[in-house]
Every structure is written in structure tokens, then in C-alpha cells.
Number of protein chains: 2
Amino acid sequence: MSKIDDVAKKANVSKGTVSNVFSGKRPISEKVKNQVLEAAKELNYTPSHIARSLVTKKTMTISLNIPYSKNLPLSNFHINLINGVIMEASSHNYRILIDTLSRENLELQYMSREAVDGVILLDPRENDSRMKYLLDFNIPFVIIGQPSEEYIAQSIYVDNNNKELAKNITSFLINKGHRNILYLNAPLSMTVSTIRQNGFFKAFNDAQVNPNNSKVVFKDSLDIDPSLYGYNKVKEFFSKNRDGYTAIIADTDKVGLGASRALKELDLAVPEDVSLLALSDDLVLSHELAPPLSTVDLKGSELGSEAVRLLFAQLGIGNYKKIQTKIVEGKFNIRGSIHTAKE
Amino acid sequence: MSKIDDVAKKANVSKGTVSNVFSGKRPISEKVKNQVLEAAKELNYTPSHIARSLVTKKTMTISLNIPYSKNLPLSNFHINLINGVIMEASSHNYRILIDTLSRENLELQYMSREAVDGVILLDPRENDSRMKYLLDFNIPFVIIGQPSEEYIAQSIYVDNNNKELAKNITSFLINKGHRNILYLNAPLSMTVSTIRQNGFFKAFNDAQVNPNNSKVVFKDSLDIDPSLYGYNKVKEFFSKNRDGYTAIIADTDKVGLGASRALKELDLAVPEDVSLLALSDDLVLSHELAPPLSTVDLKGSELGSEAVRLLFAQLGIGNYKKIQTKIVEGKFNIRGSIHTAKE
DNA sequence: TTTTGTTGTTAAACCGGTTTAACGAAATGG
DNA sequence: CCATTTCGTTAAACCGGTTTAACAACAAAA
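Reading the values: rules and limits
- Here the residue numbers are simple positions, counted from 1 along each chain's written sequence.
- For this description, chains carry letters from A and ligands carry numbers from 1, given in the order in which they are written.
- Owing to the predicted nature of the model, reporting of local features is limited to residues with pLDDT of at least 70; listing and counting of side-chain atom pairs is limited to 80 or more, with chain, interface and lining totals taken over all residues.
- Heavy atoms throughout the structure, all of them, feed into the side-chain values; hydrogens and water do not.
- Residues are classed as near a molecule or strand on a simple rule: at least one heavy atom within 4 Å of it.
- Any pair of N or O atoms that falls within 3.5 Å is considered a polar contact. Within protein, one atom must be able to donate a hydrogen and the other to accept it, and sequence-neighbouring residues count only if both atoms are side-chain atoms.
- Going along the chain from the N terminus, every DSSP run of H or I of four or more residues is numbered as a helix, and every run of E of two or more is numbered as a strand.
- Under the grouping applied here, Gly and all other residues not named as nonpolar or charged are polar, the nonpolar ones being Ala, Val, Leu, Ile, Met, Phe, Trp, Tyr, Cys and Pro and the charged ones Asp, Glu, Lys and Arg.
- Paired strands, as defined in this entry, are two strands with at least two bridges between them according to DSSP.
- Angles run from 0 to 180 degrees between N-to-C directions of axes, and those axes are lines fitted to C-alpha atoms, restricted for helices to the stretch in contact.
- Residue contacts follow a heavy-atom distance rule, with two residues in contact if any of their heavy atoms lie within 4.5 Å.
- The scheme is simple: roughly parallel for angles under 35 degrees, roughly antiparallel for over 145, roughly perpendicular for 65 to 115, oblique for anything else.
- Helix crossings get a hand from a simple test, with the near helix turned counterclockwise from the far one by less than a right angle marking a left-handed crossing and a clockwise turn marking a right-handed one.
- Salt bridges are defined as contacts in which a side-chain nitrogen from Lys or Arg sits within 4 Å of a carboxyl oxygen from Asp or Glu.
- Remark: exposure states derive from per-residue accessible area (1.4 Å probe, protein chains only) relative to the maximum for the residue type, with buried under 20%, exposed over 50%, and partly exposed in between.

## Looking at the protein's contact with DNA strand C
Around DNA strand C, the structure places 29 residues, and the nearest of them are T17 and V32 of chain A together with I4, S19 and R52 of chain B. Within 4 Å of the protein, atoms of DNA strand C come from sugar and phosphate in 67% of cases. K15 of chain B is positioned with one of its side-chain polar atoms (N or O) 2.9 Å from a base oxygen of DNA strand C. Here K25 of chain B contributes a side-chain N or O atom positioned 3.4 Å from a phosphate oxygen of DNA strand C. The set of elements that each furnish at least two residues to the surface near DNA strand C consists of α4 (49-56) of chain A together with α2 (15-23) and α4 (49-56) of chain B. The element best represented in the surface near DNA strand C is α4 of chain B, accounting for 5 residues. Of the residues that constitute the surface near DNA strand C, the class distribution is 12 nonpolar, 9 polar and 8 charged.

Shown next, in the form of C-alpha cells:
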């Protein structure tokens, strides 16, 4: 691969001039510019991204940090999110480095710092060690989701209006006459779960309605299959007390699907016997089911692109306003799976 | 950010020694090693990935090139594939750079070559300009899918046994008495579509059965919504001649879902009136539908990890055998959506 | 005419590491 | 005991660009 010196020699100019032709940072006369480009073409030369990065300290790359485990592959929500990130980033010629290494187990000593300009952090957890790492090394970052209390003041983040969303769908069910609602929530280790729990109970509070047996259940561990989680919990809570609950709020449509399967086995009809809805439609086809599942569209793609914008604002790229927090409103899609409560 | 010279000074050694402590390329005495590590810890030093790459010519990064458009977001099949790529790559500390820029429109002149050790190419097309680019610049690459004739001799690729799969499911339907089968294929611009078409007709040939009205339809364009494609084609072909076709093979389960919706509207029952199956289960929940959709699991995750292995073999990383082609066998999952042909 | 400003170009320093060649000290061997 | 390896360390060169400071050439201003 030919280098800048080769081009400089061939075009009879200095390497500085060649550099300026390609970076466009200083004006070069038409005549010299053409000489250089011609020489470059003949030598099949293109500038080395890495050598350039070394001195400019810009990598034109942002890292998308996804905590990843074998049992917890990417969901459709993630895909939408990644799609949003890619779209916005590539509009400024930025590229995405998928980073799945959790910093937890790595010895800092032997780790080399990443070659990225900034980081987008997915699925923040309580006591998330990634945050400490990024703050320590002064790497600009944006979180998608709710940072834990400890770090919230120092972090820039994009999130859904989760409390409100949980409140709204619960209120909707309350208005339909439901009083005993089972909420199959995300695991406690995910920051979002307690926020949604608060929204859930706020709905009862605002409506001045007694929550009766309404209950929030948390997924035991991140590794459990979501569908199985829904299935098992419904079997557990509906076998004991068949008439107790008249509605289920599932964390994701996968959980909802498992719940639906369990209900079918228990001979309970959706929505006649039990109303069912889910907070995230990871599967994009909820509406093709029978009955179509009511879900909340969390606008993954928007979350992704907004996160990139917040990061670009920090990096001084483009013309984005530097803000601390951006809330993306989810959209509640009411479909056939909801019914007024049975007497 | 402290650099290698700072550490060297503090530890009273040369930078070369510090370098060797971190890279482990030459033995260093226990005593000196500890001095260096201690100094590094105090200075919060970690080696710069970029400076290292500049001289080693290794970026520890592979690019995953996905042709991308606003109307054609990542599917679940892609996700599985990406998951496989991530798993295998990260096992050797390699990272993934998502690259969505198609080289088509970029002026080569102003483009800097990528900072990656190798490339994995998704969704190869006929006349795919990316291939020429990679060959020109001598960048190691592996294709997932079938390269076009033009490049097949020069390319290393991973693919499903597509012809055989198409043949097998068609044979299966023929054995069940089906004679008029509608095959809703991928667009012609995707190399896989003609290969599967060949498999489809080979099944009739092998069984010495007349294909009658059996027909292969190609998706007009990549941009059409798959579900709509299935819906429209079924409406078109089943309205004209309600008794013609007794089975449908859909390209993906999304297409199948659209087909299923159309059949319902036409008052045709699956599987009693029409058997339905799909070649790729992008949605992971085909089996939760009623009736469960028969699909072929294309093993996206395996395709991804095999591709990385073939690339690593080229790059001399790990201990993988250098081979030209790896075929990953899909798995045909027979579920409720297939029935013997109606008289 | 001299001074000041502008434009285009260059040589040299620099970015932060790795690698090479050389070398002294300690270990091995005859 | 001296010659030969081996081991650990270092100074200097290098990777392929960008940036700085200096300067020549020419135009505009005084």
C-alpha cells in the first residue's frame, strides 16, 4: 500500500501539501491539487485512517456498548435502536463499533483504551461499572435508559417516559373496570423496573382506587427466557386463584406471548376473561396475532438517533443543542387484547 | 492521558521495556515488571489502541458490512447472525465495526481505507461493487451468502445448503400430494433466489412429477414490505383460481404471515385448504402462532460464527483451517401448518 | 518605493506506541 | 578460566499521517 511520501515524491510536492489536499484543511492551488490527485490515483493511494487518528485524536467512531450474554441475545427492540444509531451516526460519517465486553472482569492493567470518540451505553444497571470506567477516563458518553441514582447527576441520557407510560396503561385498565392487575415486570437489577412500578401504583393512587390484589412481580434473573417467565408466572398466579386477576401487564411482548400460552392452557380467553398487554413490542408482529396484542411502542429507533445527537452535541459535531436529558414518548397501541373487566 | 514515556520515566526504565511489559512480546524480569505496572497504575496509564495499530498493522477489529437502507432495516435473521459474529469475534478479543456505507456512491479519492483487519460481507448481490473494492485493496473478506458467478472463484464464503433446502421442502410437499405449489421467492437481485428456484424445480424433476401450475414468483424490489408482498401475491393468485394452489412456500416467515392474513380474508384455512411454510424464521415465534408455522431454521448464528472463523483462518488468528467454503445446513421444522393436499 | 498582507508551500517536529540492533551481565560449557 | 550463549534492557529508528513555524512570491496599501 502506497503512502503519503510516495505520492508527495511523485507529485513533486511536500507531504504536508498532500495531506492538505486530502484533508482540505488549507487551501491548495488548483494546479498543485490536480498534480497530487493524479499521482494518488496512479499509486492507488488513500490516507490511512489510523495514522490520521493518531494525531487528530478523532476516530470517527462511536462505540455502542451492549451488555451481552449468551442467553440474552439482541432483541428486536435493540435492533430498532441500533438502526436509529446507525442512521444518525452515518449521516455524519461516523461508524459504529459494537462493544460487548463488559468491563467487569477485565483487568484494567492489561486493557487498552478504546479507539472511539464517544460511547453509547445500553441497558444501564444498578452499580454499573461501565459508568465509573467512562467517568474515570473522561470518555464522553450517553446512556440509553435510566442511569442509577448514583450516577444520574453526572450522566447525559435518553429515556422513555416510563413512569408515565406505566401509569397510563394502568389507568386505562382501571377505567375499563380492572381492579386486580398482575404486572410481570423486568428484573429489579434493571433500573427501569422500579420506575415502572411507581407508575403502576400511581395510577391507582390518582384514581383513588384500591389496588386490591394487584401485584408487581419481578423477573428473577436476566437470563431467564422471557416467554417462559410469562408462562410460569401466569400458571402460578392464575392456578391459585382463578378469579383474582382480570388483567396482565407484561414487560415485553415475549413475556406476553408466554402468558398468553399459559392462559390458553388454563382455558382463559383473551380478552374475554383476561385482558393482556405488553410494554414493549420487541417482535414487530404483535398486531398480527389473534387477538392482536396491545403494546407500547417504545420508539427504539428514535431513542437511538437521539442518543447519537446528544453525543454529537458533546463532541461538538454538527449543530446539536447540548442537553442533559431527552425523553422519547412511547406510543400506546390499543388492540384487541383488552376488554372491560369481567364482573 | 499519560503516555508510555511518562510510565518509563517514573519506573526508571526505557519505553521499550514498558512496551514489552504490556504486550508480553519479550520476557521481562519479575522485578522490573512490577515496577512498571505500579508506575502505570499510579499514572492511570493504558496503552493507546491506535498508536499500537499504526505499527502492528493489526486493528483487532473486523468490519461487518451490511447493505442498509431506511426501508430495509435489520431483520431477526440478521440479529442472529450478528450475535454469532460477536460471539466468535469476541472470543479472540476482536471487535465488530458495523459498516453500512455502500461503496457505490463514494468517490474513492476522498475515502480513507478502513481501519479493520478483515471484512464480513452480508447479503451479496449480483454485480456487487463491494467485492471489487475489497479485491482491489487486498482486504481479506468472507461473504455470508452466495457470491455472484463473477466473483465466486475468488471468494471465501459461508452459505446455507439453499438448493437442497428448497428441494427438500418441495419434495416434502410433493410427497404429501401437493402438485400446484406457489413459491414466493426473494427478489432476483439476491443471489439466493435463483439457487432456491433450482432446488424447487429439482424436487419435481427428481420425483418425476409434473409441476403443473406450480410457479415461482420473485419479489419485485428489496424495498417492499415482506408481509405486504406475501399478502398481495396470495390475493392475486388465489382470487383468480381458488382451487389452483394447495401449498405456499414463503421466502421468510414475514412473507408467510402476510400470506396467512390474505388466506384468512379469502376464507381459506391453514392447513386444511392450503399448506403454508416459510424458508427463514426471522421472527423467532413462528411456533407460537396458530397453527404453528413450519419454517426452516437457517442457523443465522452459526453462519455468523463460521464466517468469523473463515476470516480468522485467513488472518492467521487462532487455529482454524483455511477453507474456501463452508455450508451450514438449515433445519426444517415441520409444524402444524402443513397438511396433505386436498383433492 | 517601501511596507504590509495574503496565499501557497515546505521542512521539521510530533502523535504514542513497536521493533531492531546493540550491548552488558549472568549462565553455560569445554 | 576463558569462550560462548542466553537473558534483560536500552537507544534509536520507524509506522503514516498532521501541524507548526518559517518563508518565498506576489498583491495591495501607504
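That covers the picture; the talk isn't over yet.
## Some details on the sheet that holds strand β11 (residues 325-328) of chain A
The strand order across the open sheet built from 12 strands is β11(A)-β5(A)-β4(A)-β3(A)-β1(A)-β2(A)-β2(B)-β1(B)-β3(B)-β4(B)-β5(B)-β11(B), with neighbouring strands paired in mixed fashion. Looking at the sheet topology across the chains shown, the edges are occupied by β11 of chain A together with β11 (325-328) of chain B. Mean inter-strand twist for the sheet, computed between neighbouring axes without regard to direction, equals 20°. Pairing analysis gives 5 bridges linking strand β1 (residues 61-65) of chain B to strand β2 (residues 95-99) of chain B, with the strands arranged parallel. The residue bridging L64 of chain B from the neighbouring strand is I98 of chain B, located in β2 of chain B.

## Focus: the environment of S48 of chain B
Residue placement: S48 of chain B occurs in the loop between α3 (30-43) and α4. Residues S48 of chain B and M1 of chain B lie 47 residues apart in sequence; the distance between their C-alpha atoms is 9.8 Å.

## Here's the deal with the sheet that holds strand β12 (residues 331-333) of chain A
All names here are of chain A. Taken in spatial order, the 6 strands of this open sheet run β7-β6-β8-β9-β10-β12, and their pairing is mixed. With one partner strand each, in any of the chains shown, β7 (215-218) and β12 form the two edges of the open sheet. Strand-to-strand, the axes of this sheet are offset by a mean angle of 15°, without reference to chain direction. With 4 bridges joining them, strand β6 (residues 181-185) and β7 adopt parallel strand pairing. For Y183, the partnering residue across the bridge sits in β7 and is V216. Where helix α11 (residues 253-265) meets the sheet, it contacts β6, β8 (247-250), β9 (275-278) and β10 (294-297), and its direction lies at approximately 160° from that of β9.

## Remarks on the packing of helix α1 (residues 4-11) of chain A against helix α3 (residues 30-43) of chain A
Residue and element names in this part refer to chain A. Two elements in contact, α1 and α3, have axes whose closest approach is 9 Å; the angle formed by their N-to-C orientations is 125°. Overall, the two elements α1 and α3 adopt an arrangement that is oblique. Judged by the twist between their axes, the crossing of α1 over α3 is right-handed. Across from D6, V7, K10 and A11 in α1, the residues of α3 making contact are Q35, V36, A39, A40, E42 and L43. Within the contact of α1 with α3, the residues separate by chemical class into 6 nonpolar, 1 polar and 3 charged.

## Here's the deal with the pattern of salt bridges
Here the idea is simple: oppositely charged side chains can pair when their charged atoms come close. Residues and elements named next belong to chain B. Enumeration according to the criterion identifies 22 salt bridges over all chains in this entry. A salt bridge links K10 to E42; its shortest N-O distance comes to 3.3 Å. Here K10 is found in helix α1 (residues 4-11), whereas its partner E42 is found in helix α3, with 32 residues between them in sequence. Residue class for E42 comes out exposed when judged on its relative accessible area of 54%.

## Considering the protein's contact with DNA strand D
Around DNA strand D lies a shell of 29 residues, among which I4 and S19 of chain A together with S14, T17 and V32 of chain B are the nearest. Of all atoms in DNA strand D that approach within 4 Å of the protein, 67% are sugar or phosphate atoms. With respect to DNA strand D, the backbone of I4 of chain A contributes an N or O atom lying 2.7 Å from a phosphate oxygen. Separating a phosphate oxygen of DNA strand D from a side-chain N or O atom of K25 of chain A is a distance of 3.4 Å. Looking at the surface near DNA strand D, the elements with two or more residues in it are α2 (15-23) and α4 of chain A together with α4 of chain B.

Function-wise, these values are silent; they only describe arrangement.
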